[in-house]
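# Reading the structure
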Amino acid sequence: GLLDDSIVNRILLTNNGIDGKEFAMLLSGLEHLHDFKSIIYKQNGFTTESMNSLCTFFTRKVPYHLEELKLIDLKLSPKCCEQLFSKLNEESYIKRLSLINVNQNDRQFDALLKYISSSKYLRELELNWLEVRQSTYSKLTDCLAENKQLTHLSLSWNYILELKQ
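Rules of the game
- Residues numbered from 1 in each chain as written.
- Predicted model: local features only at pLDDT ≥ 70, side-chain atom pairs only at ≥ 80, totals over all residues.
- Heavy atoms only, no water.
- Helix = DSSP H or I, 4+ residues; strand = E, 2+ residues; numbered from the N terminus.
- Rg over C-alpha atoms; globule rule 2.2 N^0.38 Å.
- Buried < 20%, exposed > 50% of the residue type's maximum accessible area, 1.4 Å probe, protein only.
- Contact = heavy atoms within 4.5 Å.
- Areas by Shrake-Rupley, 256 points an atom, 1.4 Å probe, with all protein chains shown as cover.
- pLDDT = per-residue confidence, 0-100.
- Salt bridge = Lys/Arg side-chain N within 4 Å of Asp/Glu carboxyl O.
- Phe/Tyr/Trp six-rings, centres within 6.5 Å; stacked < 30°, edge-to-face > 60°.
- Core = buried A, V, L, I, M, F, W, Y, C linked by side-chain atoms within 4.5 Å.
- Disulfide = S-S within 2.5 Å.

### Regarding the overall build of the protein chain
When you go through the protein chain residue by residue, the secondary structure sums to 5 helices and 8 strands. Listed by position from the N terminus, the elements making up the protein chain come as β-α-β-α-β-α-β-α-β-β-α-β-β. Since a compact globule built from 165 residues should have a radius of gyration of about 15 Å, the 16 Å found for the protein chain is in line with a globular shape. Taking the principal axes of the C-alpha coordinates as reference, the protein chain spans close to 60 × 35 × 25 Å. The proportion of buried residues among the 165 residues of the protein chain is 44%. Counting contacts in the protein chain only where the partners sit at least 6 residues apart, residues at least 24 apart contribute 81% of the total. Split by element, the accessible area of the protein chain, about 9,000 Å² in all, is 50% carbon and sulfur.

Right under this line is the structure:
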């Protein structure tokens, strides 16, 4: 095939008009690349099928592991968010994680917090353009204190929802 002898190690897909099924097929085509380290996916379709294909990259062991995952401007379903954070907690060697303007609720955010506080590999974290409750944001600051490996943190343009009286 086209990429059989390739040393491609990163893919950036921005506003390509591809849907979740097409992204899943693309990912399955990249699975055989041993040095594949980075997925940046922005303004495209995303489904449970996409998530299933993406999660196969989390199970790769060092030195063939995925190091960077950036999901930007995606409408992730609650089920996809739960699966993502669950898989990250189970098995992941991700060093750089960006979740920018992705849908998630407080329960899913709690699963993300668990990953952040327990990851031995996460070095860079971007959580931008999110809507979270003030109490959830407070939990984030607590869990960041538990992660001693984190060297880069971006919390830009987040909207903190005030508790209604």
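### Description of the confidence of the model for the protein chain
Model confidence for the protein chain is summarised by a mean pLDDT of 89, while 95% of its residues fall at 70 or above. The least confident element of the protein chain, judged by mean pLDDT, is strand 8 (residues 159–161) at 84; the most confident is strand 2 (residues 38–42) at 97.

### Description of the pattern of salt bridges
Following the criterion strictly, the structure yields 6 salt bridges and no others. The shortest N-O distance in the salt bridge between Arg10 and Glu68 comes to 2.5 Å. Note that Arg10 is positioned in strand 1 (residues 10–14) and Glu68 in strand 3 (residues 68–74), a separation of 58 residues in sequence. Arg96 is paired through a salt bridge with Glu67; the nearest N and O atoms lie 3.9 Å apart. Residue Arg96 is found in strand 4 (residues 96–102), and its partner Glu67 is found in the loop between helix 2 (48–58) and strand 3; the two are separated by 29 residues along the sequence. On the basis of relative accessible area, Arg96 is assigned to the partly exposed category, the value being 24%. What you see here is one network of salt bridges that share partners, running through Arg10, Glu67, Glu68, Lys70 and Arg96.

### A few points about the packing of aromatic side chains
What characterises a pair of aromatic rings is the spacing of the ring centres plus the angle enclosed by the ring planes. One pass over the structure, following the stated rule, counts 6 aromatic pairs. Taking 6.1 Å as the distance between ring centres and 55° as the angle between the ring planes, the aromatic pair formed by Tyr41 and Phe46 counts as tilted. Note on accessibility: Tyr41 and Phe46 belong to one class, buried. Each member of the aromatic cluster is reached from another via a ring pair, and the members are Phe23, Tyr41 and Phe46.

### Regarding unusual backbone geometry
Note the cis peptide between Val62 and Pro63, where omega equals 10°. Mapped onto the fold, Pro63 is located in the loop between helix 2 and strand 3. One non-glycine residue, Asn15, lies in positive phi territory at about 50°. Residue placement: Asn15 occurs in the loop between strand 1 and helix 1 (20–30).

### Brief notes about the nonpolar core
The biggest cluster of nonpolar side chains holds 45 residues, and the ones touching the most others in it are Ile39, Phe46, Leu71, Leu97 and Ile116. Setting aside residues up to four positions removed in sequence, Leu71 forms contacts with Tyr41, Phe46, Leu76, Leu84, Ser98, Leu99, Ile100 and Val102.

### Details of the state of the cysteines
Here, disulfide denotes a covalent bond that connects the sulfur atoms of two cysteines. Per the stated rule, a full pass over the model turns up 0 disulfides. The thiol sulfur of Cys81 is not disulfide-bonded, and the nearest other cysteine sulfur, from Cys80, lies at 7.3 Å.

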